[in-house]
Every structure is written in structure tokens, then in C-alpha cells.
Number of protein chains: 2
Amino acid sequence: MNRYNAGFMTSRGQPMKDSRHAVRCSECSVRRLCLPAGLPVEDIDRLERVTRNKRLVKAGETLYRSGDSFHNLYAIRSGSFKTAVIASDGDTQVTHFALPGELLGLDAYSSRTHPSYAEALEDSSICVLPFSQLESLAQEVPALQQQIYSIFSEELRQENEILLLLGKRAANARLAALLVNISSRYARRGYSASRFVLSMPRMDIANYLGLTPETVSRLFKALQKDGLIRVSGREVEVLDLIALSELAGTHCGYDESEIGRRSVSV
Amino acid sequence: MNRYNAGFMTSRGQPMKDSRHAVRCSECSVRRLCLPAGLPVEDIDRLERVTRNKRLVKAGETLYRSGDSFHNLYAIRSGSFKTAVIASDGDTQVTHFALPGELLGLDAYSSRTHPSYAEALEDSSICVLPFSQLESLAQEVPALQQQIYSIFSEELRQENEILLLLGKRAANARLAALLVNISSRYARRGYSASRFVLSMPRMDIANYLGLTPETVSRLFKALQKDGLIRVSGREVEVLDLIALSELAGTHCGYDESEIGRRSVSV
DNA sequence: CGACACATTGATTTACCTCAACCTGTGTGG
DNA sequence: CCACACAGGTTGAGGTAAATCAATGTGTCG
């Protein structure tokens, strides 16, 4: 698909086989960003019994729909998803773009029903985690319980950031923030921070940022004119990450050292 | 202060004494909305050992500041709080208005540092919950662990609703949604759903809704002109909850039966 | 009473939306 | 191999909801 962040497609464009050796958390490429992060090996062994079940989700397919009853959490192994909520009048808000290592479905626990839906933005691969099993295991493994709290808590923190984005920031700052955010998240996954291919269409970006596709299009152009990025369709090259971060009004995506490290490594 | 939702002030306007008999969860007026909700009595007994420590917070005082290190969760016993995040450029976004029974500080777990701050909107009373103790107890008491997950999950769900509000709704729908939301939350706490006193200034409402105080002021007036509410300063009377809910674009705040029940009970 | 924060009101500006046209790439069928 | 359709994306002209700027009002507390 592309040479920067190709996800789970091989270089020949074939979907990766769900071969047995790739199924184990301890060998998963995103284990440091996912549920097993920081767990002692013996606990990872036990976690692997919960995460055995894998699934492929094709681009455009939904992993779960709004209203579906809640049984599982889903850990993204490769690819990407959008999550969105639907209001009673049909109005839809994209709430998150999820990347490998991230957990989907946490918002469904309390009502036992998914309040949002998750749709694959590209062909993706996920682990199915039966929550009852995860819950039992967490009851016995404090480190896992802590990791679950940590993931919940971090999601809350991030949502608050997005509230600030939507409530206080101008349109160009919102787009800049999204680009900085995606850039840093790709970087943590071993992809280039400065060159990547957005897996979502302009419409989803616009929806997520509370804007229209037209405005997003014009903003991409404006950022390019100012020399902060280069864009061609969904391909983005970040030319001035510092200026982009400043425009976004946040230095949270990176600490300075990381900016330096990443920009030379490309 | 007012006869509708007086919080922890007595009828003579004196702050309630933190008398020993009010300290127990099992006798707390908001126990059905708080951490002990749904726990078997023997588990509530154990929970009470964690929730012994109480604190009064005066109007305008902060419970914790952005950057403070994380040790405790706080359960609101009476009064109300706003929580807000501060961007690196000083820009602030109010993220939540919290009422009795709700938990503050959950977003701090993952970083061990409070990413937001919490400020009392009126003289308030809270339980201090040392998180390490709560965590240990949850490890032994599955029902408590589930309750904690449930609270996390519900917060995530609500944040997504607010994203939709900020991303998709017009200004008047945002204010309507806030009023419906507050109305229903007061109702669940035994106060009137149709008459209440907002504990927050216009500025905080505006900030929360991603608007300016001027716009909020005009919107209150417009809602009054349309016969949906009556406003006088911070006093609000909801005249047409159904129309207000429709304007808000949500029927989530109430199910029909509840609207009927509440409106006759006033 | 006077000071001060909060709130309202009015006049003007503007950032973004809306609507409509057009472009561009990709897949499809003749 | 080309015509065509169609979805996603861009561009432009014009409109509007809400922001901004600037007074003015109102309640509260020392």
C-alpha cells in the first residue's frame, strides 16, 4: 500500500497470514503499547490464554455497531479504525482514530452495550478479548488490573485534550494537532514521524475535528503554503514539526529530545 | 442559598457539621450514585475503611491542581465542582461539571499526575479515597473492581457525547443539552428537575460549551423567549423539557416515564 | 456607599459553512 | 484500450452563526 506505514500488508500487497507464531503477545510487534505492556513474563503467559482469538476486519467493515451487546474488548494488531457515536437524530461524530496496540470497546462496559461503533479504515487485524475472562484474570493479576486502569485513565486524559481542541482551537490549530498526534503515534510504532499516509478520508478528518471536508482541504493547502507540510492526497510529509506543534498549541505530542531524535532518523 | 438544590447548606445557611454519623457510605445520601452503588453490605463495610477521610472545600478553592501528583480519588458528598484542562499556551477548557456522588481524579491514574484541575463551584464536601487502598481492596472485592470499571467506562461514554455536542451541535442545542443534562442529574439526586440554581457562572458554561459568555447570555434569553425555560440570573425553570430535549438533539437525558414522574412531583 | 465581579445588550466583524461546480484517480464494462 | 461512472477531493462565491469589541446594567460584599 505504501512504504511508510504499510500496516499488516506485506511488500507484495498480500494480507499477512494469521500464522500461529504471530499470535502470541510476547512476540507481537505492538506489545509495548498494548495490554501486556509492563507485565512480567509469567503474567503475559496467562494473558495469552485470553488473547488467543484473532480476527481480520476488511476496510470499511465494522468491528462492532452502536447498540451491539458488549462481550469483548478488541486490541488492534495492525491497520487502523475510526470510532464514532451516533446521536438520536442520526448525526454522527467521529471520536477517535485508533492505531495498533490500542484497545477498542472500553466505553461499552458500564451499559453492557456499545454506545459507539468501530469501523476499519483499512484491512486490519485484531485480537478478541472476552472481557469476562480479562476481568477474572485482572482479579488475580494486580499488574494487569493496573494496566487496565491505566488505559482507561489515559483515554480519559486524551478525551479531555480533544475537548480543548474542539472547544477552544481554531480550525488550522485543530488540523495541526491531529497531524502532530498521528505523527507521534506512528513514530512510537516504529514508522516515520515525518512521512506517513493517512488511512482516513478527508470527510472523517473533518468530522473528527468538527469541521467540513472543504475547510479541511483548504487547511491542508494553507499548511503546505506556509511550508509546514507537504500533502498529496492522503500522503503527508511533515516539514516543520516544531512549527506545526506550536500552531497546534501543544508540546505534548513530543518532548524536545524526541523531536531531535526522530527528525535525524528519517 | 436556595430552596431547590441547596447542597450541603442547611436551611439556616450554615455549613453542615462533618458529624460522625454522616461519614459512613451506608448512610450517605448519594450512596446509590457513588462508588458503593450495588455493592453487597459486607463489601460496603470494607469500603468504608477507605473512605473515612473527609474534607470541606470552599467555593473557589481547588481540590487538586494540574500537575499535582496523584494519590487520591475524591468522591463528592455535597456541592459541585468544575474540572478543566490547561493547554501549554494557558488556554483552558472546562471539561466537566461534577455533582454529588461523582468521582474526581480518575484521569490522573496513568501519569500519576493530575492532567486537569478541580475547583469547587460552591462550598462542598468530599471523601478522600487513597487510590492505593482502593486498588488493593478492588483486588479482593470483584464487585468493587467492576464498579470502578463501570465508572471509568461511563465517563468515557459521556465524554463522547460531549464531543458530539462540541463537534456537531449549534450553540442553542449545546446550551439546551447542558440544561437537560443538569436537570436529569439533579432529579436523580432528589432535587427538582424543573427548577434549579446553576452553581457555575456564565463564563464557565460558555467555556464548557465552546462558546463566549455573551453568546450564552443571548441563548438563555432566546430559550426564554421561545417558552422553553424561565431564567433569572442563575435560577432556571424548565418549562418544556420535551422541547428542550428535542432541541438538544437527544432523548438520552430522560426516558418518557421519568419525565412524567418528575414533572408531577414538583 | 463604593468597588468589583458577573451579566447583559448592541454594533460590527470574521471564520467557517453552505452550495455548487469541477477535478482526479480508480475500477468497470463494452 | 477507451469510455464512463462514481467516490473522494478540491476550488470558488456568497452567506451566516457566533466571536469580538465596547458599553452598560446588576447583584454582592467589605
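In what follows, the structure referred to is the one given above.
Conventions we followed
- Residues numbered from 1 in each chain as written.
- Chains lettered and ligands numbered in written order.
- Predicted model: local features only at pLDDT ≥ 70, side-chain atom pairs only at ≥ 80, totals over all residues.
- Heavy atoms only, no water.
- Pairing = 2+ DSSP bridges.
- Helix = DSSP H or I, 4+ residues; strand = E, 2+ residues; numbered from the N terminus.
- Near = heavy atom within 4 Å.
- Polar contact = N/O pair within 3.5 Å; in protein donor to acceptor, adjacent residues only side chain to side chain.
- Axes fitted to C-alpha atoms, helices over the stretch in contact; angles between N-to-C directions.
- Parallel < 35°, antiparallel > 145°, perpendicular 65-115°, else oblique.
- Left-handed = near helix turned anticlockwise from the far one by under 90°.
- Contact = heavy atoms within 4.5 Å.
- Nonpolar A, V, L, I, M, F, W, Y, C, P; charged D, E, K, R; others polar.
- Buried < 20%, exposed > 50% of the residue type's maximum accessible area, 1.4 Å probe, protein only.
- Disulfide = S-S within 2.5 Å.
- Least-squares fit on C-alpha atoms with pLDDT ≥ 70 in both.
- Phe/Tyr/Trp six-rings, centres within 6.5 Å; stacked < 30°, edge-to-face > 60°.
- Lys NZ or Arg CZ within 6 Å of the ring centre and 35° of its normal.
- Salt bridge = Lys/Arg side-chain N within 4 Å of Asp/Glu carboxyl O.

Caption draft 1: Structural detail: the pairing of strand β11 (residues 235-238) of chain A. All names here are of chain A. As judged from the three bridges shared by strand β9 (residues 195-197) and β11, these two strands associate in the antiparallel manner. Residue phenylalanine 196 lies in a different strand from β11, and its bridge partner there is valine 236. The antiparallel hairpin formed by strand β10 (residues 229-232) and β11 contains two residues in its connecting segment, where glycine 233 sits at a positive phi of about 60°.

Caption draft 2: Structural context of the protein's contact with DNA strand C. Lining the immediate environment of DNA strand C, one finds 16 residues, of which A:Ala171, A:Thr215, B:Arg202, B:Arg218 and B:Lys221 sit closest. When the atoms of DNA strand C within 4 Å of the protein are sorted by group, sugar and phosphate make up 67%. Interatomic distance of 3.1 Å between a side-chain N/O atom of B:Ser217 and a sugar or linking oxygen of DNA strand C. Interatomic distance of 2.8 Å between a side-chain N/O atom of B:Arg218 and a base nitrogen of DNA strand C. Of all elements in the fold, only α6 (213-225) of chain A together with α5 (202-209) and α6 (213-225) of chain B reach the threshold of two or more residues within the surface near DNA strand C. If you tally residues by element for the surface near DNA strand C, the top one is α6(B), at four residues.

Caption draft 3: Representation of the packing of helix α3 (residues 142-168) of chain A against helix α2 (residues 131-140) of chain B. Two numbers describe how α3(A) lies on α2(B): the axes approach to 11 Å, and their chain directions differ by 120°. Judged on the interaxial angle alone, α2(B) and α3(A) are oblique. Handedness of the crossing formed by α3(A) with α2(B): right-handed. Contact residues: A:Pro142, A:Gln145, A:Gln146 and A:Tyr149 in α3(A); B:Phe131, B:Glu135, B:Ala138 and B:Gln139 in α2(B). Partitioning the contact of α3(A) with α2(B) into residue classes produces four nonpolar, three polar and one charged.

Caption draft 4: Here's a closer look at the pairing of strand β10 (residues 229-232) of chain B. Residues and elements named next belong to chain B. Of the two faces of β10, only the one carrying Ile229 and Val231 is buried; Arg230 and Ser232 on the other face are not. Relative to strand β11 (residues 235-238), β10 runs antiparallel, the two sharing four bridges. Along β11, the bridge assignment pairs isoleucine 229 with valine 238.

Caption draft 5: Inspection of the sheet that holds β10(A) at higher detail. Residues and elements named next belong to chain A. Read across the sheet, three strands follow the order β9-β11-β10 without closing on themselves; strand pairing throughout is antiparallel. With one partner strand each, in any of the chains shown, β9 and β10 form the two edges of the open sheet. Pairs of neighbouring strands in the sheet enclose a mean axial angle of 15°, with direction left out of account. Contacting β9, β10 and β11, helix α4 (residues 171-188) crosses the sheet at an angle of about 100° to β9.

Caption draft 6: Here's a closer look at the sheet that holds strand β9 (residues 195-197) of chain B. All names here are of chain B. Within the open sheet, the three strands sit side by side as β9-β11-β10. Their pairing is antiparallel. The open sheet terminates on both sides in strands that have one partner only, identified here as β9 and β10. Across the sheet, the axes of successive neighbouring strands diverge by a mean angle of 15°, strand direction being ignored. In this fold helix α4 (residues 171-188) packs onto β9, β10 and β11, with an angle of close to 100° to the strand it touches most, β9. In the packing of α6 onto the sheet, the strands contacted are β10 and β11, and the crossing angle to β10 comes to about 135°.

Caption draft 7: Focus on the state of the cysteines. Tallying each qualifying case throughout the model produces zero disulfides over all chains. For the unlinked cysteine A:Cys127, the closest cysteine sulfur is that of A:Cys25, found at 6.0 Å. Residue B:Cys28 stays outside any disulfide, its sulfur separated by 6.3 Å from that of B:Cys127, the closest cysteine. Owing to a relative accessible area of 13%, B:Cys28 belongs among the buried residues under this scheme.

Caption draft 8: Quick look at the relation of the copies chain A and chain B. Once turned by 180° and shifted 0.0 Å along the axis, chain A lies on chain B with an RMSD of 0.0 Å. Such a combination of rotation and displacement between the chain copies is what one expects of a two-fold axis. Closest approach to the rotation axis among the C-alpha atoms of chain A is made by A:Gln139, whose C-alpha sits 2.8 Å away. Residue by residue, 100% of the interface of chain A is reproduced at the interface of chain B, so both copies engage with the same surface.

Caption draft 9: Up close: the packing of aromatic side chains. Scanning the model with the defined rule gives 22 aromatic pairs over all chains in all. An angle of 50° between the planes, with centres 4.9 Å apart, marks the rings of B:Phe97 and B:Tyr208 as tilted. Here B:Tyr208 lies in helix α5 and B:Phe97 lies in strand β5 (residues 92-98), a separation of 111 residues in the sequence. Overall, B:Tyr208 belongs to the buried group, its relative accessible area being 8%. The structure contains a cluster of three or more aromatic residues connected by ring pairs, namely A:Phe70, A:Tyr109, A:Phe131, A:Tyr149, A:Phe152, B:Phe70, B:Tyr109, B:Phe131, B:Tyr149 and B:Phe152. Lying across the ring of A:Tyr109, A:Arg112 places its NZ or CZ 4.2 Å from the centre.

Caption draft 10: Inspection of the pattern of salt bridges at higher detail. Evaluation of the coordinates by the stated rule reveals 26 salt bridges over all chains. Residue B:Arg169 pairs with A:Asp91 through a salt bridge whose shortest N-O separation is 3.3 Å. Note that B:Arg169 is positioned in the loop between α3 (142-168) and α4 and A:Asp91 in the loop between β4 (81-86) and β5 (92-98), a pairing that runs across two chains. In this structure, the salt-bridge partner of A:Arg185 is A:Glu102, at a minimum N-O distance of 3.1 Å.

Keep in mind these numbers describe shape, not what the thing actually does.
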